[in-house]
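# Structural description and commentary
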Amino acid sequence: YHPDKAAAVLDELTVANPDDGPALVDLGRLQHRLEAWDASVSAYRKAVGLEGPDALPLDIQADVWCRIAEIEEKFRRDDDAAFEAYEQALGIHPEHPQARQAVIRYLARGTQWERHIHLLRAEVHRAGNPERKARLLWEIGVIYRDRGDSPELAIDAFDDALESDGDLLVALRDVADVAYQ
């Protein structure tokens, strides 16, 4: 197996057929294996940029945007470009779990705490078990407490977390801390 030769063949194919989305995705994947980050991102961006009948299905576009984000994040070390790519994926496919988790992770480090809470609330509605739901509600309470200057909303979120899982002692502790500040 010679990925460099396969990449050269796919490169020729995509030059001859620039609207071949699957070939562009395959080229991006091969360039990724060859650690040719610029070429990989370029092929992926061409693939997601196709429009009309040549456009890739939306779920595939979201996956490709996540691949771009991973390259930006892990190999190019460009968090802004990674965040932008994850947001593109989320804009195309709001239910895309990898994009949603990545955007939440980036928002946790940033200043867009209202958007962070909005995404966490969406996760609460998707949470299957009470423990996960409680953890997410607790995270919302922590954001309100630490960033939102809203002790009432923090207490409400901590109370909701305790209602979901009465064994989440950290939420009980945080209710007490906020209530007595």
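Use the structure listed above.
Calculation rules
- Residues numbered from 1 in each chain as written.
- Predicted model: local features only at pLDDT ≥ 70, side-chain atom pairs only at ≥ 80, totals over all residues.
- Heavy atoms only, no water.
- Helix = DSSP H or I, 4+ residues; strand = E, 2+ residues; numbered from the N terminus.
- Expected span 1.5 Å × (residues − 1).
- Buried < 20%, exposed > 50% of the residue type's maximum accessible area, 1.4 Å probe, protein only.
- Arc of directions from axis to C-beta.
- Contact = heavy atoms within 4.5 Å.
- Patch = residues over 30% accessible without salt bridge, like charges linked within 9 Å, V, L, I, M, F, W, Y side chains within 5 Å.
- Areas by Shrake-Rupley, 256 points an atom, 1.4 Å probe, with all protein chains shown as cover.
- Salt bridge = Lys/Arg side-chain N within 4 Å of Asp/Glu carboxyl O.
- Lys, Arg positive; Asp, Glu negative; His and termini not counted.
- Charge placed at Lys NZ, Arg CZ, Asp CG, Glu CD.
- Core = buried A, V, L, I, M, F, W, Y, C linked by side-chain atoms within 4.5 Å.
- Phe/Tyr/Trp six-rings, centres within 6.5 Å; stacked < 30°, edge-to-face > 60°.
- Lys NZ or Arg CZ within 6 Å of the ring centre and 35° of its normal.

Count 3.6 residues to each turn of an α-helix, and residues three or four apart come out pointing the same way. In this model, helix α9 (residues 151-164) (14 residues) spans 20 Å end to end at C-alpha, consistent with the 20 Å of a helix rising 1.5 Å per residue. Burial in α9 covers these residues: Ala154, Ala157, Phe158, Ala161 and Leu162. Angular distribution of buried residues about the axis of α9 spans 140°; they occupy a single face of the element. Along α9, the residues that are exposed and aim more than 90 degrees away from the buried face are Glu152 and Glu163.

On the secondary structure map, Glu72 appears in helix α4 (residues 58-75). What makes Glu72 buried here is its relative accessible area of 4%. Leave out the neighbours within four places in its chain, and Glu72 touches Val41, Arg45, Arg77, Asp78, Ala81 and Ala82.

On to a negative patch on the surface. On the surface, Glu152, Asp156, Asp159, Asp160 and Glu163 cluster together to form a negatively charged patch. Position of Glu152 among the secondary structure elements: in helix α9.

A few words on the environment of Leu56. The residue Leu56 is located in the loop between α3 (37-48) and α4 in this model. Note on Leu56: relative accessible area 8%, which makes it buried. Sequence separation between Leu56 and Glu139 is 83 residues, and the spatial gap between their C-alpha atoms is 36 Å. Those residues within four positions of Leu56 in sequence are excluded, and the remaining contacts are Gly21, Pro22, Val25, Ala47 and Gln61.

Time to look at the nonpolar core. Counting 46 residues, the largest nonpolar core has Ile68, Tyr86, Val103 and Ile140 as the members making the most contacts within it. Within the residue set of this core, elements represented by two or more residues are α2 (21-33), α3, α4, α5 (79-92), α6 (97-109), α7 (113-126), α8 (130-146) and α9. Judged by nonpolar contacts, the second largest core, of 6 residues, contains Ala23, Leu27, Leu30 and Ala43.

Okay, the pattern of salt bridges next. Within this structure, the stated rule accounts for 10 salt bridges. Residue Glu87 is joined to Arg115 by a salt bridge in which the shortest nitrogen-to-oxygen separation is 2.1 Å. Here Arg115 lies in helix α7 and Glu87 lies in helix α5, a separation of 28 residues in the sequence. Given the relative accessible area of 26%, Glu87 is considered partly exposed. In the salt-bridge network here, residues are joined through shared partners; they are Glu95, Arg100, Glu123, Arg126 and Arg132.

What follows deals with the environment of Glu131. In this structure, Glu131 sits in helix α8. Considered as a pair, Glu131 and Asp167 are 36 residues apart in the sequence and their alpha carbons are 8.8 Å apart.

With 13 residues, α2 should cover 18 Å at 1.5 Å per step; its first-to-last C-alpha distance of 19 Å lies within 8% of that length. Packed against the buried residues of α2 are α1 (3-16), α3 and α4. After α2 finishes, the residue Glu35 shows a positive phi value of roughly 60°.

Let us now look at the packing of aromatic side chains. Each pair of aromatic rings is reported with the distance of its centres and the angle of its planes. The final tally for this structure, using the stated rule, is 4 aromatic pairs. Judged by centre distance (3.9 Å) and plane angle (10°), the rings of Trp37 and Phe75 are stacked. In this pair, Trp37 is assigned in helix α3 and Phe75 in helix α4, connecting sequence segments 38 residues apart. Among the residues examined, Trp37 registers a relative accessible area of 17% and is labelled buried. Each member of the aromatic cluster is reached from another via a ring pair, and the members are Phe83, Tyr86 and Tyr106. Here the guanidinium or amino end of Arg135 rests over the ring plane of Trp138, the centre of that ring lying 5.3 Å away.

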